[in-house]
Amino acid sequence: MDMLEAVERKIGQFIAELNDTEVAALYAKLPHGKRLRAKLILRIAGVSLPVVKTAAVVEMIHAASLLHDDVIDDAYTRRNKPSLNALYGNKTAIMLGDILYSKGFFELNNISAEVSKIISNAVVQLSLGELKDVSLSKTFNTDKDVYLEMIYQKTASLIEASAGAAAILAGKPKEPFMIYGRNLGLAFQMIDDLLDITQDSETLGKPALHDFVEGKTTLPYIYLYESLSETEREKLKAMHGKVLSKEELNWIMVQMQERQILMKCYAQARELIDEAVELMNALGEDALSEIAMEMIDREF
Ligand code: IPE
Ligand code: IPE
Ligand code: MG
Ligand code: MG
Ligand code: MG
């Protein structure tokens, strides 16, 4: 993917412009992710300088959100390496996050007012979503609509905005691309929440089975709760937000398996993706099916 190369170079240039050796050294230590958001933007809008800049900014913003997220979630691995908070502490992780966010916002001004507005507003939503995620984790949330609203804010909003910004830059109609991006983003976080349960930490490159321990009742836990008897519900609730024993973990897994909870969640994500793909096919945007599938059929 040499189109992505241009994005990597642009990020490197933005970092160099900060003119700070400490920040350059810290950033150099951060492993790259899957770059799904950049790929999405390039796939919608092709390659031009504003498109590459937008993709670079979005990946910097995404990296910033992960630096803060690992502090919030007490997570000590990321992209198969110790997280920055694990290596240098929360203070450094928070400030590098702030620097990446701020440089991103600064660069948005050099793209276009419309792109700047759509992306920066999504970051407001992302932050509101992360705060909501924290608040919700203090009790056992069983409300699916509240969960969906929260994942829309923390994850789908930036993917929706990426698709919208790419459409603007390509002179395509913004609305259908934003619906497409919203569906992709919701499905993407649903799969992330599934992978937390099904994959080991080596495959994920980040902690596995960590969400429930952190108090997060993601969709599989909500569906499991719904399907349990009153006494079983109490048992599950008692495990919420704690480090679990092997037996307790095993009990949860057996209950999930018996009730085919994971399949139910996957099917729901798949429905969102199918809807998104149909919408794009109707516009003759067949090339956008593949990336939609990549969002859900993944190992990490
Ligand atoms: C992780 O995003 C955070 C979520 C929104 C689930 P990615 O899975 O895209 O992370 P990287 O960039 O590939 O590491
Ligand atoms: C966070 O969701 C998504 C962000 C918007 C940063 P998670 O907390 O589930 O992301 P991971 O699993 O740590 O990547
Ligand atoms: Mg996290
Ligand atoms: Mg989190
Ligand atoms: Mg996760």
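Residues numbered from 1 in each chain as written. Chains lettered and ligands numbered in written order. Predicted model: local features only at pLDDT ≥ 70, side-chain atom pairs only at ≥ 80, totals over all residues. Heavy atoms only, no water.

Asks: Explain the coordination of the magnesium ion (ligand 4) to me, using residue names and the numbers behind them.
Replies: At 2.2 Å from the magnesium ion (ligand 4) lie its protein donor atoms, namely Asp-69 (OD) and Asp-73 (OD). Classification of Asp-69 as buried rests on a relative accessible area of 13%. (Donors = N, O, S within 2.8 Å, 3.2 Å for Na, K, Ca; no water. Buried < 20%, exposed > 50% of the residue type's maximum accessible area, 1.4 Å probe, protein only.)

Asks: Explain the environment of Ser-245 to me, and be specific about the residues and the numbers.
Replies: With respect to the helices and strands, Ser-245 occurs in the loop between helix H12 (230-239) and helix H13 (246-258). Ser-245 sits 28 residues away from Ile-273 along the chain, and the two C-alpha atoms are 36 Å apart. (Helix = DSSP H or I, 4+ residues; strand = E, 2+ residues; numbered from the N terminus.)

Asks: Explain the site of ligand 2 residue by residue, including any values.
Replies: The full set of residues close to ligand 2 is Ser-65, Asp-69, Asp-73, Arg-78, Glu-130, Lys-154, Thr-155, Gln-189, Asp-192 and Lys-206. One of the side-chain N or O atoms of Lys-154 is found 3.2 Å from an oxygen atom in ligand 2. Within the contact set of ligand 2, an oxygen atom lies 2.6 Å away from a side-chain nitrogen or oxygen of Lys-206. Expressed as a share of its isolated accessible area of 390 Å², the protein-covered part of ligand 2 is 87%. When contributions to the shell around ligand 2 are tallied by element, the ones reaching two or more residues are helix H4 (49-72), helix H8 (144-170) and helix H9 (174-198). Taken domain by domain, the shell around ligand 2 gets at least three of its residues from each of domain 1 (1-111) and domain 2 (113-300). (Near = heavy atom within 4 Å. Polar contact = N/O pair within 3.5 Å; in protein donor to acceptor, adjacent residues only side chain to side chain. Areas by Shrake-Rupley, 256 points an atom, 1.4 Å probe, with all protein chains shown as cover. Domains from an automatic or database assignment.)

Asks: Mind laying out the coordination of the magnesium ion (ligand 3), listing which residues take part and the relevant values?
Replies: Donor atoms from the polypeptide that coordinate the magnesium ion (ligand 3) comprise Asp-69 (OD) and Asp-73 (OD), at 2.0 to 2.1 Å from the metal. In this structure, the magnesium ion (ligand 3) is positioned 3.1 Å from the magnesium ion (ligand 4), and both are ligated by Asp-69. Comparing Asp-69 with Asp-73 shows no difference in burial state: the two are buried.

Asks: Quick rundown of the pattern of salt bridges? Include the residues and the values.
Replies: In this structure the tally under the stated criterion is 16 salt bridges. Asp-69 is the partner of Arg-78 in a salt bridge, and the nearest nitrogen-oxygen pair spans 3.4 Å. Of the two residues, Arg-78 and Asp-69, neither departs from the other in class, the shared state being buried. With a shortest N-O distance of 2.5 Å, Lys-216 and Asp-73 are connected by a salt bridge. On the criterion of sequence distance, the pair formed by Lys-216 in the loop between helix H10 (201-204) and helix H11 (219-227) and Asp-73 in the loop between H4 and strand S1 (77-78) is long-range, its members being 143 residues apart. As far as the burial class goes, Lys-216 and Asp-73 line up, both buried. (Salt bridge = Lys/Arg side-chain N within 4 Å of Asp/Glu carboxyl O.)

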